[in-house]
Amino acid sequence: QFIRSFRLQRAYDLLAQNTGTVAEVAYRVGFSSPAYFTKCFHETYGFTPTDLKAHRSKDQDTISECA
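My aim in this report is to walk through the structure given alongside it, one point at a time. Given the structure is predicted, the values throughout are model-derived calculations rather than measurements.

Relative to the helices and strands, Lys53 is located in helix α4 (residues 49–66). One buried charge, Lys53, has no salt-bridge partner; the nearest side chain with opposite charge is Glu24, at 7.2 Å. A distance of 2.8 Å separates a polar atom in the side chain of Lys53 from the backbone oxygen of Gly20. Aside from chain neighbours lying at most four places away, what touches Lys53 is Leu15, Asn18, Gly20, Thr21 and Val22.

With the rule as written, the count across this model stands at nine aromatic pairs. Between Tyr45 and Phe47, the ring centres sit 6.2 Å apart and the planes meet at 35 degrees, which makes this aromatic pair tilted. Under the relative-accessibility criterion, Tyr45 is labelled partly exposed at 23%. Residue classification places Phe47 among the partly exposed residues on the basis of a relative accessible area of 26%. Aromatic ring contacts, followed pair by pair, group Tyr12, Phe31, Tyr36, Phe37, Phe41, Tyr45 and Phe47 into a single cluster.

Time to look at the environment of Ala23. Within the secondary structure, Ala23 is located in helix α2 (residues 22–28). Each C-alpha atom of the pair Ala23 and Ala35 lies 8.5 Å from the other, and the pair is twelve residues apart in sequence.

The terminal C-alpha atoms of helix α1 (residues 2–16), which comprises 15 residues, lie 21 Å apart, in line with the 21 Å expected from a rise of 1.5 Å per residue. For α1, the full list of buried residues reads Leu8, Ala11, Tyr12, Leu14 and Leu15. The buried residues of α1 all sit within an arc of 165 degrees when viewed along its axis, so they share a single face. Exposed positions of α1 whose direction lies more than 90 degrees from the buried face are Phe2, Ile3 and Phe6.

Below, the discussion takes up the environment of Thr21. Within the secondary structure, Thr21 is located in the loop between α1 and α2. Taking the C-alpha atoms as reference points, Thr21 and Thr50, 29 residues apart in sequence, are found 8.8 Å from one another.

Opposite charge on two side chains makes pairing possible when the charged atoms of those side chains draw close. One pass over the full model with this rule turns up one salt bridge. Note that Lys39 is salt-bridged to Glu43, the shortest N-O span being 3.2 Å. Of this pair, Lys39 and Glu43 both sit in helix α3 (residues 34–45), four residues apart, roughly one helical turn. The exposure class assigned to Lys39 is partly exposed, which follows from its relative accessible area of 46%.

The rules behind each value
- Residues numbered from 1 in each chain as written.
- Predicted model: local features only at pLDDT ≥ 70, side-chain atom pairs only at ≥ 80, totals over all residues.
- Heavy atoms only, no water.
- Helix = DSSP H or I, 4+ residues; strand = E, 2+ residues; numbered from the N terminus.
- Buried < 20%, exposed > 50% of the residue type's maximum accessible area, 1.4 Å probe, protein only.
- Lys, Arg positive; Asp, Glu negative; His and termini not counted.
- Salt bridge = Lys/Arg side-chain N within 4 Å of Asp/Glu carboxyl O.
- Polar contact = N/O pair within 3.5 Å; in protein donor to acceptor, adjacent residues only side chain to side chain.
- Contact = heavy atoms within 4.5 Å.
- Phe/Tyr/Trp six-rings, centres within 6.5 Å; stacked < 30°, edge-to-face > 60°.
- Expected span 1.5 Å × (residues − 1).
- Arc of directions from axis to C-beta.

In structure tokens form, the structure reads like this:
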């Protein structure tokens, strides 16, 4: 449980920084299945990794428009 929560937190950070696709991040943090990673991520955070990436991309677009 501790290792899984650590992996999920690291994945959240990587996805927030937009450092790769959901599958790439899942493999990078040690999950062997992107589908299982998505399930665990959703159970932990209440939204999917794709939702996080979409939200972060939208924030970056807003920041770029303000600059």
